[in-house]
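The lines below spell out each chain.
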Amino acid sequence: MAETTRREFMLGEGSGTGSGSQNLHVGMGPAHPAMHGIIRITTELDGETIVKADVEIGYLHRAFEKDCEEGGYNNAIPYTDRLNYVSPLINNFGYCAAIEKLLGIDVTERCKYIRVIMSEISRICDHLTCIGASAMELGAFTVFLYMIKAREFLWELVEDVTGARLTISYGRVGGVKADLPDGFSAKTTKAFKETREVLDEVHRLLTGNRIFLDRMVGLGALGREETIAYAITGPLLRAVGVPYDVRRAQPYDVYDRLEFEIPTQKDGDNFARYLVRMAEMEQSMRIVEQALARIPGGAINVDAAGRPIDPAAYVDLGKQGKTEGLLLVPITLSPNLQGQQRAALERVNVHDKRVVLPSKETTYGSIEGLMNHFMLIMEGSGIRPPLGEAYAAVEGANGELGFYVVSDGTDRPYRVRCRPPCLPPMAALSRMIEGGMVADLIPTFGSVNMIGGELDR
Amino acid sequence: MDGAAVLDAIRQRADVVETHAHRGDATVVVTREALPRVLALCRDEPALAFDMLMDLTAVDYLKYPGREDGPRFEVVYHLYSLAHNHRVRVKTRVDEDDAVVPSAVGLWPSANWFEREVWDMFGVRFSGHPNLVRLLLYEEFVGHPLRKDYPIERRQPLIGPAQ
């Protein structure tokens, strides 16, 4: 075969394809600033048009499912943090829900509310990150900074409750690690006020912005039938007009008692996904506000007469020796154990000694508590669900997050399967970008909100 | 439709090995030969209308109490119907020396990557799959890590780009 000369190549007269031009193969990633995480997209370009795209994943595979089989049921919770690392709380609760279903236990009322509140705060964080990053890639760096600022307020709330910003490990089978801290409600109100201001600003900056619209409207669209056939859930499914949301379709925790709307759009393009996410954040805040207003169980620290008491004042009284009226009152002293005292733990955890660790006072204060603690911690003991299998789904920020768990009756899960919400859209990504311009790959990929941790597990 | 009605509807129209509803999850076990028909029925029967293949995975029952001698792998399909808001789990069992299952890509495109992942992790093949290559691991990887006889400590060299 005659060698294509430079001239032939430049003029597109080569004999290579017979069409008079040659397609160019361009690889994006695995390490590319716009590939959130590491992923490789090999594109075949005709000029600037993507003729064919091949998506390759797996660069962040960390054997999550294999690791889960190696430890006790609660040992997998830190691994679930690292699935979707932008909204780790939802992963925690999704995993716990599957184990609880397997065990056949129902968590306490207060715990359900806490799970709803923390899940929704995480969902807002996730959407803020997604929209902020996509906007930044289109040149709107201001939006990114605003949204990260808002996320910071919310992560401070998360830090107040869980002690960490990202690797929170807050869920427990049968409950949560600790109760909500004092003053959480007021802090949330303040953070939401700031977040709403940011969202207003972003709406003004983006929603009518000509440059943004040009890059978003009509691009990356996937039809309704195809979206369903690819089992895509979450904002991408709602952007084609299907109001499917696990929180509404198969309510868990207390979602059936809270009022919220499921925002949908018609077009299924990048802009529709953006609008759905923006509207969902407002709905999430609505849910949290309702849940905070209705959450049962009042202040954790009360004095002998049952009046709420501020822990700081309590400590001051104790230092002055004025302990007379304070005897036999549960107190909060160590910040490390905040929300972990017996009274608080009993409120947020199932009363089931086979599942939930006793409080520190019980462990160190009574032989039964110590034995109970050992029976759950020792190798070969721990939580033992009966033989069987269960699939539980929660609404993750990207769609249905499912955990399928098989138990063989021992203290280790026999099989843990995570149904990652962003795998189906990634499988369909090549369908979304083929036929479009190479530059439009970036906003489309951004709108999918790929999270490497849960995609590759 | 609730789980029991879904199971009844499938039982009436297809051969099933067993059904159960442990913890409220309607589950139907079918033979490999009956699987394509059952899956097609689940998708196309208007009363069932399972339009989404939510998840597809496998379980290796090599070390499961009471199942050591039986068929080693179970391929698990989680179906969901948007129209009726109901779910069903379809399972089929295959032996290690003949670990091949008919592909569901023709019914739901979402099966494409899920089946690649099952091949990658369990070494179960899907006949009729358009492109059955590993999804998460690299082609040079030896073995299938989610099999129960694959030791978690095993290390394999990371293979760089082809020379």
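Source: prediction; values computed, not measured. As a convention, each chain's residues are numbered from 1 in the sequence order in which they are written. Chains and ligands are labelled sequentially in the order written, the chains with letters from A and the ligands with numbers from 1. pLDDT decides what is reported in this predicted model: residues at 70 or higher carry local features, side-chain atom pairs at 80 or more are listed and counted, and totals for whole chains, interfaces and linings draw on all residues regardless.

**Q** In this structure, what is going on with the overall build of chain A? I would like to understand it.
**A** Helix and strand counts for chain A stand at 20 helices and eight strands. Between the buried cut of 20 or more and the exposed cut of 12 or fewer other C-beta atoms within 10 Å of a residue's own C-beta lies the partly exposed class, and all C-beta atoms are placed from the backbone. Split into buried and exposed, the 457 residues of chain A put 48% on the buried side. Considering only residue pairs separated by 6 or more positions, chain A has 66% of its internal contacts joining residues 24 or more positions apart. A run of DSSP states H or I qualifies as a helix once it reaches four residues; a run of E qualifies as a strand once it reaches two. Both are numbered from the N-terminal end. The contact criterion used is a C-beta to C-beta distance within 7 Å, with each C-beta placed from the backbone.

**Q** Whenever I open this one, helix H6 (residues 141-162) of chain A confuses me. Can you help?
**A** In an α-helix, one full turn covers 3.6 residues, which means residues spaced three or four apart are oriented alike. Residues and elements named next belong to chain A. One less than the number of residues in a helix, times 1.5 Å, gives the span that helix is expected to have. Between its first and last C-alpha, H6 extends 30 Å over 22 residues, near the 32 Å set by a 1.5 Å rise per residue. All of the buried residues along H6 are Val143, Tyr146, Met147, Ala150, Arg151, Leu154, Leu157, Val158, Val161 and Thr162. Looking down the long axis of H6, one finds its buried residues gathered within 150° of arc, a one-sided arrangement. Of the surrounding elements, those touching the buried residues of H6 are helix H5 (109-137) and helix H7 (184-207). Two residues or fewer after H6 comes glycine 163, characterised by a positive phi angle close to 90°. Picture the helix axis, draw a direction to every C-beta atom, and the arc is the one those directions span.

**Q** Explain the environment of threonine 227 of chain A here, please?
**A** All names here are of chain A. Among the secondary structure elements, threonine 227 is positioned in helix H9 (residues 224-229). Residues threonine 227 and proline 78, spaced 149 residues apart in sequence, show a C-alpha to C-alpha distance of 32 Å. Here threonine 227 is in contact with Leu222, Ile232, Leu236, Leu237, Val240 and Gly268, once residues within four sequence places are set aside.

**Q** What's the story with the confidence of the model for chain A in this structure? I'm lost.
**A** Detailed reading of the predicted coordinates is not advisable wherever pLDDT is low. Residues and elements named next belong to chain A. Each residue carries a pLDDT value, the predictor's own confidence for that position, ranging from 0 to 100. Looking at chain A, pLDDT values average 82 and 84% of them are 70 or higher. Under a pLDDT of 50 for its full length, residues 298-306 has, in the predicted model, 26 contacts with residues more than four places off or in other chains. Every residue in residues 331-336 scores below 50 in pLDDT, and together they form eight contacts with partners more than four places removed in sequence or on other chains.

**Q** What is the right way to look at the interface of chain A and chain B in this model?
**A** Listed as interface residues are 35 residues of chain A and, on the opposing side, 28 residues of chain B. Mapped onto the side of chain A that touches chain B, the elements with two or more residues apiece are helix H2 (64-68), helix H4 (88-103), H9, strand S6 (388-396), strand S7 (399-407), strand S8 (413-419) and helix H17 (423-427) of chain A. Class assignment for the residues of the side of chain A that touches chain B results in 18 nonpolar, six polar and eleven charged. Ten residue types, Ala, Val, Leu, Ile, Met, Phe, Trp, Tyr, Cys and Pro, are classed as nonpolar, four, Asp, Glu, Lys and Arg, as charged, and the remainder, Gly among them, as polar.

**Q** What is the right way to look at the environment of arginine 123 of chain A in this model?
**A** Residues and elements named next belong to chain A. Along the polypeptide, arginine 123 turns up in helix H5. With 27 C-beta atoms counted inside 10 Å, the residue arginine 123 sits in the buried group. C-alpha separation for the pair arginine 123 and valine 246, spaced 123 residues apart in sequence, amounts to 14 Å. Non-local contacts of arginine 123, meaning those with residues more than four positions away in its chain, are made with Ser87, Ile90, Ser284 and Ala397.

**Q** Quick question: what am I supposed to make of unusual backbone geometry here?
**A** Negative phi is the rule for most residues except glycine; trans is the rule for most peptide bonds. Unusually for a residue other than glycine, aspartate 253 of chain A sits at a positive phi of about 45°. Looking at where aspartate 253 of chain A falls in the secondary structure, it is placed in the loop between helix H11 (246-249) and helix H12 (270-294). Even without a glycine there, the phi angle at arginine 23 of chain B is positive, about 55°. Turning to its location among the elements, arginine 23 of chain B is positioned in the loop between strand S1 (18-20) and strand S2 (27-30).

**Q** Could you clarify how one ought to interpret the packing of H5 of chain A against H12 of chain A in this entry?
**A** In helix packing, the relevant descriptors are the interaxial angle and the interaxial distance, both defined with respect to the helix axes. Residues and elements named next belong to chain A. Working convention: axes come from line fits to C-alpha atoms, limited for helices to the stretch in contact. Angles between N-to-C directions cover 0 to 180 degrees. Two elements in contact, H5 and H12, have axes separated by 9 Å at closest approach and are oriented at 155°. Classified by the angle between their axes, H5 and H12 sit roughly antiparallel to one another. In this structure, H5 meets H12 at a crossing whose hand is left-handed. Counting all contacts with H5, which are made through Tyr113, Val116, Ile117, Glu120, Ile121, Arg123, Ile124, His127, Cys130 and Ile131, the residues of H12 involved are Tyr274, Arg277, Met278, Glu280, Met281, Ser284, Met285, Ile287, Val288, Ala291 and Leu292. Across the contact of H5 with H12, the residue classes tally to 15 nonpolar, two polar and four charged. An angle below 35 degrees is treated as roughly parallel, one above 145 as roughly antiparallel, one from 65 to 115 as roughly perpendicular, and anything else as oblique. A clockwise turn of the near helix away from the far one marks a right-handed crossing, whereas an anticlockwise turn of less than a right angle marks a left-handed crossing.

**Q** Is there a simple way to think about the sheet that holds S1 of chain B in this case?
**A** The strands making up a sheet associate through backbone hydrogen bonding, with each pair oriented either parallel or antiparallel. Residues and elements named next belong to chain B. By definition, two strands form a pair when at least two bridges between them are found by DSSP. Taken in spatial order, the five strands of this open sheet run S1-S2-S5-S4-S3, and their pairing is mixed. The sheet is open, and its two edges are formed by S1 and strand S3 (52-60), each paired on a single side. Each neighbouring strand pair of the sheet contributes to a mean axis angle of 20°, computed without reference to strand direction. Lying on the sheet, helix H2 (residues 35-44) is in contact with S2, strand S4 (73-81) and strand S5 (86-94); it crosses S5 at an angle near 170°.

**Q** How should the pairing of S8 of chain A be read in this particular structure?
**A** Walk down a regular strand and you will see the side chains alternate between the two sheet faces. Residues and elements named next belong to chain A. Within S8, seven of the seven residues are buried, leaving the element largely enclosed by the surrounding structure. Strand direction decides the pairing type here: S7 and S8, joined by six bridges, are antiparallel. Considered in S8, the bridge of valine 406 is made with arginine 415. Counted between consecutive antiparallel strands, the loop separating S7 from S8 contains five residues, among which glycine 409 sits at a positive phi close to 90°.

**Q** Which parts of the structure should I look at to understand the nonpolar core?
**A** In a soluble, globular protein the nonpolar side chains are often hidden away together inside. In this description, a nonpolar core means buried residues of the types Ala, Val, Leu, Ile, Met, Phe, Trp, Tyr and Cys, linked to one another by C-beta atoms lying within 7 Å. The biggest cluster of nonpolar side chains holds 170 residues, and the ones touching the most others in it are Ala98 and Met426 of chain A together with Leu53, Leu79 and Val124 of chain B. The leading source of residues in this core is H5 of chain A, at 13 residues. Where each domain begins and ends follows an automated or database-derived domain assignment. Two domains each provide a minimum of three residues to this core, namely domain 1 (6-56) and domain 2 (64-298 + 382-421) of chain A.

**Q** Would you mind going over the pairing of S4 of chain B with me for this structure?
**A** Residues and elements named next belong to chain B. Most of S4 is tucked away, with eight of its nine residues classed as buried. In the sheet, S3 pairs with S4 via eight bridges, with the strands oriented antiparallel. For aspartate 60, the partnering residue across the bridge sits in S4 and is phenylalanine 73. Two elements, S4 and S5, share nine bridges in a ladder whose sense is antiparallel. Bridge assignment links glutamate 74 to a residue of S5, and that residue is arginine 93. Counted along the chain from S4 to the antiparallel partner S5, the turn is four residues long, and its residue asparagine 85 has a positive phi close to 55°.

**Q** Would you take a moment to explain the sheet that holds S6 of chain A for this structure?
**A** All names here are of chain A. Spatially, three strands are ordered S6-S7-S8 in an open sheet, and the strand pairing comes out antiparallel. Whereas interior strands pair on both sides, the edge strands pair on one side only; in this sheet they are S6 and S8. Between one strand and the next, the sheet's axes are offset by a mean angle of 15°, whatever the strand orientation. Running at roughly 150° to S6, H4 makes contact with S6 and S7 of the sheet.

**Q** Please clarify how the packing of H6 of chain A against H7 of chain A should be interpreted in this entry.
**A** Residues and elements named next belong to chain A. Their axes nearest at 9 Å, the elements H6 and H7 cross at an angle of 165°. Classified by the angle between their axes, H6 and H7 sit roughly antiparallel to one another. Of the two elements, H6 crosses H7, and the hand of that crossing is left-handed. Counting all contacts with H6, which are made through Thr142, Val143, Tyr146, Met147, Lys149, Ala150, Phe153, Leu154, Leu157, Asp160 and Val161, the residues of H7 involved are Phe184, Lys187, Thr188, Ala191, Glu194, Thr195, Val198, Glu201, Val202, Leu205 and Leu206. Across the contact of H6 with H7, the residue classes break down as 14 nonpolar, three polar and five charged.

**Q** Can you walk me through the confidence of the model for chain B in this structure?
**A** With 97% of its residues at a pLDDT of 70 or more, chain B has an overall mean of 87. Confidence metrics for the complex model read pTM 0.83 and ipTM 0.90.

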